[in-house]
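Letter by letter, the chains look like this.
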Amino acid sequence: MARHPELLIPASSLEVLKTAVVFGADAVYIGGEAFGLRAKAKNFSKEDMMEGIRFAHEHDVKVYVTANILAHNYDLEGVREYFKELKEIKPDALIIADPGVFEIAKEVCPEIERHVSTQTNNTNYATYMFWYRQGASRVVSARELSMREIKEIRAHIPDDLEIETFVHGAMCISYSGRCLLSNFFTGRDANHGACTHPCRWKYSVVEETRPGEYMPVYENERGTYIFNSKDLCMIEHIPELIDAGIDSFKIEGRMKTALYVATVARTYRKAIDDYQKDPELYRKNMPWYLDQISNCTYRQFTTGFFFGKPSEEAQIYDSNTYIREYTYLGITEEIKDGMVKIEQRNKFSVGETIEIMKPNGDNVEVQVKRIVNEEGEEQESAPHPKQVLYVELSGRADKYDILRRKEEADE
């Protein structure tokens, strides 16, 4: 059975949710102010969640709320109260990892679909069937599965049990996201949403009998990053993902900017639609997808476990930094008297050439002609993040368009 895959995009805030919706998401996943695994993300207040769900539903886009901590006893009563709130807010599904939390959701808000998080290490079809019998409508596959294994799972489970799989974004060093490094080093529990990302830190080895004598783990003058994985990217393998029977293509990144979300959503949206329209069109447009997907921050790309266990080539040993080709300047909130209203995120100046990034795939170069603050005062530049500005551009921008600046390549 040919399945039409859902494009599932992360959102860290109401602004990013709206960006994801406009730039091509079929569904968006968000965290509330508690019980999700991105405690350092901005996350959504009750009011923002209600507004986000309303906006998404007006555009026929679904919203899933994460409640995927591994709960302790002291969490359970709060979980119950939280689900009572969500019962009123009416998201389309809850993403849950803990069996106890799953049971509470089934009791408190049975009408909201329950999706089983990758945190539960879903590596075989018997596990999928277990969750199906508990009332799950979707199970997120473990990142350690190959394409062949996912296809086998699809063949052994009912058609109405959906498979969701990560296809793009940062990769943890841990097994399906269950990591103890942060808790061990800093006391901040990754499984409670407080990960400090020690997998991105630089490490050396010190031999017990020779204190202070550092020995390189991997020879490099800049240090070693032994846990630092490349980012997952499956834009070149849409046909195989569809053939495997995956129902939802999930993008990682609930702490990412609107620029990142817009870039990835727009590129995967076009790739999926092009392939389903005409596989030859998809192959022909591959250079465009690869160019566009590199326009947001990334750490070099890998295909993860999809085609076998990753080798040392999937790691980055000499750096923990992102490659960044564009800087996010702001999102168009409205057009007033021919000027674009934005909440500015990074510095730019009058006379600069920037780009308008549009949901339809167009990137329009324009010049910044004027910058005016909320008091009506002219400014030569916009140096202060979060300042509300009105900007006159040499070309037309529409509501929800992204403004960005291309960075000069290092010599």
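Everything discussed here concerns the structure shown above.
Residues numbered from 1 in each chain as written. Predicted model: local features only at pLDDT ≥ 70, side-chain atom pairs only at ≥ 80, totals over all residues. Heavy atoms only, no water.

Caption draft 1: Highlighting the packing of aromatic side chains. Summed over all chains, the structure comprises seven aromatic pairs. Ring pairing ties together the aromatic residues Tyr-275, Tyr-282, Trp-288 and Tyr-289, which thus form one cluster. In this structure, Lys-18 packs its charged tip against the face of Phe-55, placed 5.3 Å from the ring centre. Lying over the aromatic face of Trp-288, Lys-270 brings its terminal NZ or CZ to 6.0 Å of the ring centre. (Phe/Tyr/Trp six-rings, centres within 6.5 Å; stacked < 30°, edge-to-face > 60°. Lys NZ or Arg CZ within 6 Å of the ring centre and 35° of its normal.)

Caption draft 2: Summary view of the environment of Glu-343. Examined against the element boundaries, Glu-343 turns out to sit in strand E15 (residues 339-343). C-alpha of Glu-343 to C-alpha of Glu-333: the two residues are ten residues apart in sequence and 8.0 Å apart in space. Residues contacting Glu-343, with those up to four places away along its chain left out, are Leu-329, Gly-330, Glu-333, Lys-386, Gln-387 and Val-388. Engagement of the side chain of Glu-343 in a polar contact is seen with the side chain of Arg-345, the distance being 2.7 Å. (Helix = DSSP H or I, 4+ residues; strand = E, 2+ residues; numbered from the N terminus. Contact = heavy atoms within 4.5 Å. Polar contact = N/O pair within 3.5 Å; in protein donor to acceptor, adjacent residues only side chain to side chain.)

Caption draft 3: Region of the structure containing the nonpolar core. Residues Phe-83 and Tyr-268 are the most contacted members of the largest nonpolar core, which totals 94 residues. Looking at this core, the element that brings in the most residues is helix H9 (residues 258-277), giving ten residues. Discounting residues that sit within four places of it in the chain, Tyr-268 has contacts with Leu-7, Val-167, His-168, Cys-233, Met-234, Ile-235, Ile-238, Ile-251 and Ile-293. The next biggest cluster of nonpolar side chains, apart from the first, holds 15 residues, and it includes Ile-342, Ile-354, Val-368 and Ala-382. (Core = buried A, V, L, I, M, F, W, Y, C linked by side-chain atoms within 4.5 Å. Buried < 20%, exposed > 50% of the residue type's maximum accessible area, 1.4 Å probe, protein only.)

Caption draft 4: Representation of the pairing of strand E20 (residues 402-406) within the structure. Taking burial as the measure, the five residues of E20 include four buried ones, the bulk of the element. The pairing of strand E13 (residues 326-331) with E20 spans five bridges and is classified as antiparallel. In the strand pairing of E20, Thr-327 is matched with Arg-405. Pairing geometry for strand E16 (residues 353-357) and E20, over three bridges, is antiparallel. Bridge assignment links Met-357 to a residue of E20, and that residue is Ile-402. (Pairing = 2+ DSSP bridges.)

Caption draft 5: Region of interest: the pattern of salt bridges. Tallied over the entire structure, the rule returns 32 salt bridges. The salt bridge partner of Arg-138 is Glu-6, with a shortest N-O separation of 2.8 Å. Taken together, the positions of Arg-138 in strand E6 (residues 138-140) and Glu-6 in strand E1 (residues 6-10) put the pair 132 residues apart, joining distant regions of the chain. Considered together, Arg-138 and Glu-6 belong to a single accessibility category, that of buried residues. Close ionic contact of Lys-270 with Asp-274 constitutes a salt bridge, the shortest N to O distance being 3.3 Å. Here Asp-274 and Lys-270 lie together in helix H9, a separation of four residues that amounts to about one turn. A network of salt bridges, in which partner residues are shared, links Glu-6, Arg-138, Glu-162, Glu-164 and Lys-250. (Salt bridge = Lys/Arg side-chain N within 4 Å of Asp/Glu carboxyl O.)

Caption draft 6: Helix H2 (residues 46-58), seen in detail. Its 13 residues place the ends of H2 18 Å apart at the C-alpha level, agreeing with the 18 Å of an ideal helix rising 1.5 Å per residue. Taken as a whole, H2 has its buried residues at Met-49, Gly-52, Ile-53, Phe-55 and Ala-56. Viewed along the axis of H2, the buried residues span an arc of 165°, placing them on a single side of the element. Pointing more than 90 degrees away from the buried face of H2 are the exposed residues Glu-47 and Glu-58. Structurally, H2 contributes buried residues whose contacts are with helix H1 (14-22), strand E2 (27-31), strand E3 (62-67) and helix H3 (76-89). Asp-60 sits one or two residues past H2 and shows a positive phi near 60°. (Expected span 1.5 Å × (residues − 1). Arc of directions from axis to C-beta.)

Caption draft 7: Broad picture of the packing of H3 against helix H4 (residues 99-108). At a minimum axis separation of 10 Å, H3 and H4 run at an interaxial angle of 40°. Of the possible angle classes, the one that applies to H3 and H4 is oblique. At the point where H3 passes H4, the crossing takes the right-handed sense. Between H3, through Leu-76, Val-79, Arg-80, Phe-83, Lys-84 and Lys-87, and H4, the contact on the second element is made entirely by Val-101, Ile-104, Ala-105, Glu-107 and Val-108. (Axes fitted to C-alpha atoms, helices over the stretch in contact; angles between N-to-C directions. Parallel < 35°, antiparallel > 145°, perpendicular 65-115°, else oblique. Left-handed = near helix turned anticlockwise from the far one by under 90°.)

Caption draft 8: Main features of the packing of H2 against H3. Packing of H2 against H3 brings their axes to within 10 Å, and their N-to-C directions diverge by 35°. Here the hand of the crossing between H2 and H3 comes out right-handed. Every residue of H3 that contacts H2 at Lys-46, Met-49, Met-50 and Ile-53 is listed here: Tyr-82, Glu-85, Leu-86, Glu-88 and Ile-89. In the contact of H2 with H3, the residues fall into six nonpolar, no polar and three charged. (Nonpolar A, V, L, I, M, F, W, Y, C, P; charged D, E, K, R; others polar.)

Caption draft 9: Molecular detail of the pairing of E16. Burial analysis of E16 places four of its five residues in the buried class, which makes it a mostly covered element. One ladder, built from five bridges, connects E16 with strand E17 (residues 363-373); its direction is antiparallel. Bridging across to E17, Glu-355 finds its partner in Glu-365. Hairpin geometry of E16 and E17 is characterised by an intervening segment of five residues between the two adjacent antiparallel strands and by a positive phi of about 105° at Gly-361.

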